[in-house]
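Summary of the model geometry
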Amino acid sequence: MSGKADPRAAGEGTTSRTRLDRGRGALGPALELVHTGRAPTRAVLTAELGVTRATAGAVAAELEALGLIRVDARPGAAAGSQGRPSHRLSIAEDGPVALAAQVHADGFRAALVGLGGRIVATAPGCEVVDADPAKVLASVVETGAELLRETGRRCVGAGLAVPSAVAEPEGLALNPLHLAWPAGAPVRRIFAEQVRAAGIAGPAFAANDVNLAALAEHRHGAGRGARDLLCVATGHRGVGGALVLDGRLHSGSSGLALEVGHLTVNPDGRPCYCGGHGCLDVEADPLAFLRAAGREPGPEVSLLQQSYDLIRDHYADPAVRTATETLVDRLGLGLAGLVNILNPDRIILGGLHRALLDAAPERLRAVVADRSLWGQSGGVPILPCGLDHNSLVGAAELAWQPVLDDPLGALT
């Protein structure tokens, strides 16, 4: 036997190492394609990444080895398709999760969210939010830790959604008006401390709830495929907005972009917390709707749920219909101004605004078209948000991002 190395074996080894190095650089982009549903098969993954079939196969195999995706052992073709069948790619149902949490005026909710934006488990929290954010976030994290214990899932990190502008880079909640928290509360630091104290692995993040809803909708919901997406929503109190520009969440120089709640839509309207009058924040949220309908808010369920119930069960009541039309007109005026400034290719509405769109779609679209220059030239699609608990899903996206950026580094 010759002692010389087989040059073909050396060449194959070099090729394998090169393919592996190239594949590792493609792991993050590949995982994001599967995560957002844009690569359902290995053939699509190959085309989207611009690599060879062998490299795409190696990438998919490594993501599967990390427990993130599943590759069908037998390739199959969709009905009516032509060409060579391809292996289907899917999210690993038993894979890791992110801990997501949302705090709002009527309580909190914790959830475990896997890749693909799929909520694995969820649990509601208290109905009265303490004025001390540390107490609330300790309860939030403990609820999430219990979900992790019950499911036995590996956790990659944690994300928190709050109804306040969150200043970067410090992670300060500047205006948590409906929570009675002190202005400038260091919510990210407090949340991260509670996560570490609970023994939960991975980094911790915090951001504005509507920003996170927009991020989730853009990746997994009604905003998928939009380049410039405007999201406006009202949850339990107040009105928030968010913008995705060229496929990326736009939060401004310090995280405070698009405070749409303080657009004036009724100059003679109610005083706002910002010092103005007639802002969207106080003219187009659940409390404004209940008051416009002549209903006294009750303590039994949240203001948002009371508004939903009123539209669903009593829309034939003239007072309820008039209140709906009043809020639709105010909302449409605000949206038209935003369309004139931002020129989005899609608008999605969440919370009570989604219910208003469902109740009076043509009226809302007509108001926006009548008041916006771009609307008169063709109209911008206005759609309801497509995800339940989209702020929770968005909070999980914060925790998943380091994994999407570098799967090997984050998980090994």
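Residues numbered from 1 in each chain as written. Predicted model: local features only at pLDDT ≥ 70, side-chain atom pairs only at ≥ 80, totals over all residues. Heavy atoms only, no water.

Notes on helix α14 (residues 390-405)
Convention followed: Runs of E in the DSSP output that reach at least two residues are strands. Runs of H or I that reach at least four are helices, and both are numbered from the N terminus. Here a helix's expected span is defined as the number of its residues, less one, multiplied by 1.5 Å. Classification of residues uses two cut-offs on accessible area relative to the type maximum, computed with a 1.4 Å probe and protein chains only: under 20% is buried, over 50% is exposed, and between them is partly exposed.
With 16 residues, α14 extends 22 Å between its outermost C-alpha atoms, agreeing within 8% with the 22 Å of an ideal straight helix rising 1.5 Å per residue. The element α14 is extensively covered by neighbouring structure, given that 13 of its 16 residues are classed as buried.

Quick notes on helix α3 (residues 53-65)
In this model, α3 (13 residues) spans 18 Å end to end at C-alpha, consistent with the 18 Å of a helix rising 1.5 Å per residue. Taken together, the buried positions of α3 are Thr55, Ala56, Gly57, Val59, Ala60, Glu62 and Leu63.

A closer look at the environment of Gly152
Structurally, Gly152 is set in the loop between α4 (133-151) and β6 (155-162). A residue is classified by how much of its surface remains accessible, and Gly152, at 60% relative accessible area, is exposed. For the pair Gly152 and Ser90, spaced 62 residues apart in sequence, the C-alpha separation works out to 21 Å.

Overview of the sheet that holds β6
Selection criterion: One bridge is not enough; two strands pair if DSSP finds at least two bridges between them. Orientation is described by lines fitted to C-alpha atoms, with helices fitted over the stretch in contact, and by angles between N-to-C directions that extend from 0 to 180 degrees. Any two residues having at least one pair of non-hydrogen atoms within 4.5 Å are treated as being in contact.
In space, the 5 strands of this open sheet follow the order β5-β4-β3-β6-β9, with mixed pairing throughout. Looking along the sheet, the strands with just one partner apiece sit at the ends: β5 (119-124) and β9 (204-208). In this sheet, adjacent strand axes meet at a mean angle of 20 degrees when their direction is disregarded. Of the pairings in the sheet, the one linking strand β4 (residues 107-113) to β5 comprises 5 bridges and is antiparallel in character. Looking across to β5, one finds that Ala110 is bridged to Ala123. Contacting β3 (97-104), β6 and β9, helix α6 (residues 209-220) crosses the sheet at an angle of about 100 degrees to β9.

What about the confidence of the model for the protein?
Rules: Along the chain, pLDDT gives the predictor's confidence residue by residue, from 0 to 100.
Within the protein, residue pLDDT values average 89, and 91% of them lie at 70 or more. When the criterion is pLDDT under 50, residues 1-13 qualifies, and its contacts beyond four places in sequence or with other chains add up to 0 contacts.

Details of the pattern of salt bridges
Put simply, the test is: Whenever Lys or Arg places a side-chain nitrogen within 4 Å of a carboxyl oxygen from Asp or Glu, that contact is recorded as a salt bridge.
This structure, assessed with the given rule, holds 17 salt bridges. A salt bridge links Asp94 to Arg70, with the nearest nitrogen and oxygen atoms 2.9 Å apart. Placement of the pair is Asp94 in the loop between β2 (89-91) and β3 and Arg70 in strand β1 (residues 69-71), with a sequence separation of 24 residues. In this structure, Arg189 and Glu193 form a salt bridge, with 3.0 Å as the shortest nitrogen-oxygen distance. Of the two residues, Arg189 and Glu193 are both situated in helix α5 (residues 187-197); the distance of 4 residues between them amounts to about one turn of the helix. Residues participating in the shared-partner salt-bridge network are Glu142, Glu146 and Arg149.

Notes on the environment of Pro75
Among the structural elements, Pro75 can be located in the loop between β1 and β2. Once the C-alpha coordinates of Pro75 and Ser86 are considered, the two residues, 11 residues apart in sequence, prove to be 4.7 Å apart.

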